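# Per-entry structural report
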Amino acid sequence: MSDYSSYTERAAFDEALCNLVEEYLQDKDAYSEDTLLAINSKTMEIELGTQTDFVPGWETYAIQSLIRNNEDNSGKEADIDATYELASSYFFVR
């Protein structure tokens, strides 16, 4: 088994991260202030929740670190640079 992933795998994971952040932004009132994005490093499953929702084996990231102002500063959007960097830390492409 290779230690490297395909560009397609990384892009799909990046898209899934962006979609989850956008889902959070669409209904952020449904989430608590301490919401985290969590990734299970073995299964590559991603979820939103609080620190107590996740058992060992899940890496957690502050959801706010994956959000930025949109171009005209009228709202928030997924920070595609941050999600790409996070996806790249799980999927190594050469």
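Reading guide: rules and limits
Residues numbered from 1 in each chain as written. Predicted model: local features only at pLDDT ≥ 70, side-chain atom pairs only at ≥ 80, totals over all residues. Heavy atoms only, no water. Helix = DSSP H or I, 4+ residues; strand = E, 2+ residues; numbered from the N terminus. Rg over C-alpha atoms; globule rule 2.2 N^0.38 Å. Buried < 20%, exposed > 50% of the residue type's maximum accessible area, 1.4 Å probe, protein only. Contact = heavy atoms within 4.5 Å. Lys, Arg positive; Asp, Glu negative; His and termini not counted. Salt bridge = Lys/Arg side-chain N within 4 Å of Asp/Glu carboxyl O. Pairing = 2+ DSSP bridges. Axes fitted to C-alpha atoms, helices over the stretch in contact; angles between N-to-C directions.

### Observations concerning the overall build of the chain
- Scanning the chain for helices and strands turns up two helices and five strands.
- In sequence order, the chain lays out its α and β elements as α-β-β-β-β-β-α.
- Compactness check: the chain gives a C-alpha radius of gyration of 14 Å against a globular reference of 12 Å for 94 residues, within 12% of the reference.
- Viewed in the frame of its principal axes, the chain has a C-alpha envelope of about 45 × 35 × 15 Å.
- Looking at the chain as a whole, 37% of its 94 residues qualify as buried.
- Contacts spanning at least 24 positions in sequence make up 50% of the contacts within the chain whose residues lie at least 6 apart.

### Focus on the side chain of Asp14
- Mapped onto the fold, Asp14 is located in helix α1 (residues 7-26).
- Despite its burial, Asp14 pairs with no opposite charge, the nearest such side chain being Arg10 at 7.1 Å.
- Asp14 has contacts with Ile80, Thr83, Tyr84 and Ala87, leaving out every residue within four places of it along the chain.

### Re the pattern of salt bridges
- The final tally for this structure, using the stated rule, is three salt bridges.
- Asp79 is paired through a salt bridge with Arg68; the nearest N and O atoms lie 3.5 Å apart. With Asp79 in the loop between β5 (76-78) and α2 (80-90) and Arg68 in strand β4 (residues 67-69), this residue pair connects regions lying 11 residues apart in the sequence.
- A salt bridge links Asp81 to Arg68; the shortest N-O distance between them is 3.5 Å. You can see Asp81 sitting in helix α2 and its partner Arg68 sitting in strand β4, a full 13 residues away along the chain.
- Overall, the relative accessible area of 26% leaves Arg68 in the partly exposed class.
- A single network of salt bridges, built from pairs that share partners, joins Arg68, Glu77, Asp79 and Asp81.

### Brief notes about the sheet that holds strand β3 (residues 58-62)
- On the basis of which strands lie adjacent, the open sheet formed by three strands has the order β2-β1-β3 and antiparallel pairing. On the outer flanks of this sheet lie β2 (46-49) and β3, each paired with one strand and no other. Between one strand axis and the next, the sheet turns through 30 degrees on average, direction left out of account.
- Both strand β1 (residues 36-40) and β3 contribute to a ladder of five bridges, which runs antiparallel. Residue pairing in the sheet places Leu36 in a bridge with Ala62 of β3.
- Each of β1 and β2 touches α1; the most contacted strand, β2, lies at about 20 degrees to it.

### A closer look at the pairing of β2
- Both β1 and β2 contribute to a ladder of four bridges, which runs antiparallel. Opposite Leu37, over in β2, you have Leu48 as the bridge partner.
- Counting the residues between successive antiparallel strands, the hairpin from β1 to β2 contains five residues, one of them, Met44, with a positive phi of roughly 65 degrees.

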